[in-house]
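Letter by letter, the chains look like this.
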Amino acid sequence: MILHVVSITPDQQDRDFSCYYDDPEQAYDFLLKVTELGHLFIKVEFVFNRGYYLLPLETLNQELVANPFLGLRQQWEQCLSQPAVSRGPLVSFHRRLVDSQQTYLTNLQETLQQTLILLETTHNYLGEGPRKDKLIQQCWMTIDRCHRSIAHHNTSPWGLRSAA
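Residues numbered from 1 in each chain as written. Predicted model: local features only at pLDDT ≥ 70, side-chain atom pairs only at ≥ 80, totals over all residues. Heavy atoms only, no water.

## Describing the nonpolar core
Counting 20 residues, the largest nonpolar core has Leu3, Phe30, Leu31, Val44 and Phe46 as its most contacted members. At the level of secondary structure, the elements contributing two or more residues to this core comprise β1 (2-8), α1 (24-36), β3 (40-48) and α3 (69-81). At five residues, α1 tops the list of elements feeding residues into this core. Leaving out residues up to four positions away in the same chain, phenylalanine 30 has contacts with Leu3, Val5, Phe17, Cys19 and Tyr21. Counting residues in hydrophobic clusters, the runner-up holds nine residues, among them Leu105, Leu108, Leu112 and Ile136. (Core = buried A, V, L, I, M, F, W, Y, C linked by side-chain atoms within 4.5 Å. Buried < 20%, exposed > 50% of the residue type's maximum accessible area, 1.4 Å probe, protein only. Helix = DSSP H or I, 4+ residues; strand = E, 2+ residues; numbered from the N terminus. Contact = heavy atoms within 4.5 Å.)

## Describing the pairing of β1
Burial within β1 is extensive, with seven of its seven residues counted as buried. Burial of β1 is two-sided: the residues Ile2, His4, Val6 and Ile8 facing one way and the residues Leu3, Val5 and Ser7 facing the other way are all buried. Pairing between β1 and strand β2 (residues 14-20): seven bridges, direction antiparallel. The partner of isoleucine 2 across the bridge, within β2, is tyrosine 20. Between β1 and β2, which pair antiparallel in sequence order, lie five residues; one of them, glutamine 12, sits at a positive phi of approximately 65 degrees. Examined bridge by bridge, β1 and β3 share seven bridges and lie antiparallel to one another. Within β3, the residue paired with valine 5 across the bridge is valine 44. (Pairing = 2+ DSSP bridges.)

## Notes on the environment of asparagine 61
Structurally, the position occupied by asparagine 61 is in the loop between α2 (57-60) and α3. Along the chain, asparagine 61 and phenylalanine 41 lie 20 residues apart, while their C-alpha atoms are 6.4 Å from each other. Residue contacts for asparagine 61: discarding those within four places in its chain leaves His39, Leu40 and Phe41.

## What to know about the sheet that holds β1
With respect to topology, four strands assemble into an open sheet ordered β2-β1-β3-β4, the strand pairing being antiparallel. In this open sheet, the two edge strands, each paired with only one partner strand, are β2 and β4 (51-54). Recorded for the sheet is a direction-independent mean angle of 15 degrees between the axes of neighbouring strands. (Axes fitted to C-alpha atoms, helices over the stretch in contact; angles between N-to-C directions.)

## Some points on helix α5 (residues 130-155)
Taking 1.5 Å of rise per residue, 26 residues should cover 38 Å, and α5 covers 37 Å from first to last C-alpha, within 8% of that figure. Turning to α5, its buried residues number three or more, namely Lys132, Ile136, Cys139, Ile143, Cys146, Ile150 and His153. (Expected span 1.5 Å × (residues − 1).)

## Focus: unusual backbone geometry
Despite not being glycine, glutamine 12 shows a phi value in the positive range, around 65 degrees. Looking at where glutamine 12 falls in the secondary structure, it is placed in the loop between β1 and β2. Residue classification places glutamine 12 among the exposed positions, given a relative accessible area of 60%.

## Side note on the confidence of the model for the protein
Confidence along the protein averages 79 in pLDDT terms, with 82% of residues attaining 70 or more. Of all the helices and strands in the protein, α3 carries the lowest mean pLDDT, 71, while β1 carries the highest, 89. (pLDDT = per-residue confidence, 0-100.)

## Considerations on the pattern of salt bridges
The full count for this structure, using the stated rule, is four salt bridges. Notably, a salt bridge pairs lysine 43 with glutamate 45, separated by 3.8 Å at the nearest N-O pair. Here the salt bridges share partners, and the residues they tie into one network are Lys43, Glu45 and Arg96. (Salt bridge = Lys/Arg side-chain N within 4 Å of Asp/Glu carboxyl O.)

## Observations concerning the packing of aromatic side chains
Tallying each qualifying case throughout the model produces two aromatic pairs. For the ring pair phenylalanine 17 and phenylalanine 30, a centre distance of 5.8 Å and an interplane angle of 90 degrees mean the geometry is edge-to-face. Here phenylalanine 17 is found in strand β2, whereas its partner phenylalanine 30 is found in helix α1, with 13 residues between them in sequence. Measuring from ring centre to ring centre gives 5.9 Å for tyrosine 21 and phenylalanine 30, while their planes differ by 40 degrees; the resulting arrangement is tilted. This pair shows no difference in class: tyrosine 21 is buried, exactly as phenylalanine 30 is. Taken together, the ring pairs connect Phe17, Tyr21 and Phe30 into an aromatic cluster. (Phe/Tyr/Trp six-rings, centres within 6.5 Å; stacked < 30°, edge-to-face > 60°.)

In structure tokens form, the structure reads like this:
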């Protein structure tokens with residue numbers, strides 16, 4: 001399941017982030033932690049079993065002494081038992097995720113290219129010694145990380161492709 005949250009922190013900063021969870025319980029626990037940090041939810045949506053759902057903000061933003069998530073949990077379970085809303089919001093949400101992943105891949109590829117240039121320049125122009133050895137080692141570590149991240153993305157079970 002993919003959870004998308006828009007919130008305002010206690011120091012009035014906007015937060016917009018998405019997380020992937022294997023099951024609703026993990027997402028529920030995450031929302032509880034965000035609430036404990038004092039965030040005010042502006043929008044909470046998730047994709048689960050090919051359905052798109054919006055969670056009720058009035059329940060999320062309650063300030064009860066008792067557990068404010070008791071009512072949310074009931075509404076959460078009720079949401080999951082109902083048919084999903086129209087495909088329109090799901091396609092929009094999917095497009096945002098695809099765009100985000102494409103930006104990530106573009107940044108990885110740019111980092112890889114710049115590191116390769118740095119590696120070549122280091123080999124050709126920096127004098128021998130520990131400084132050169134350390135820089136070359138750092139370049140190879142970065143190149144390896146980029147290759148692993150690209151490969152991981154390409155084999156990811158939820159590696160996103162363009163929405164139909």
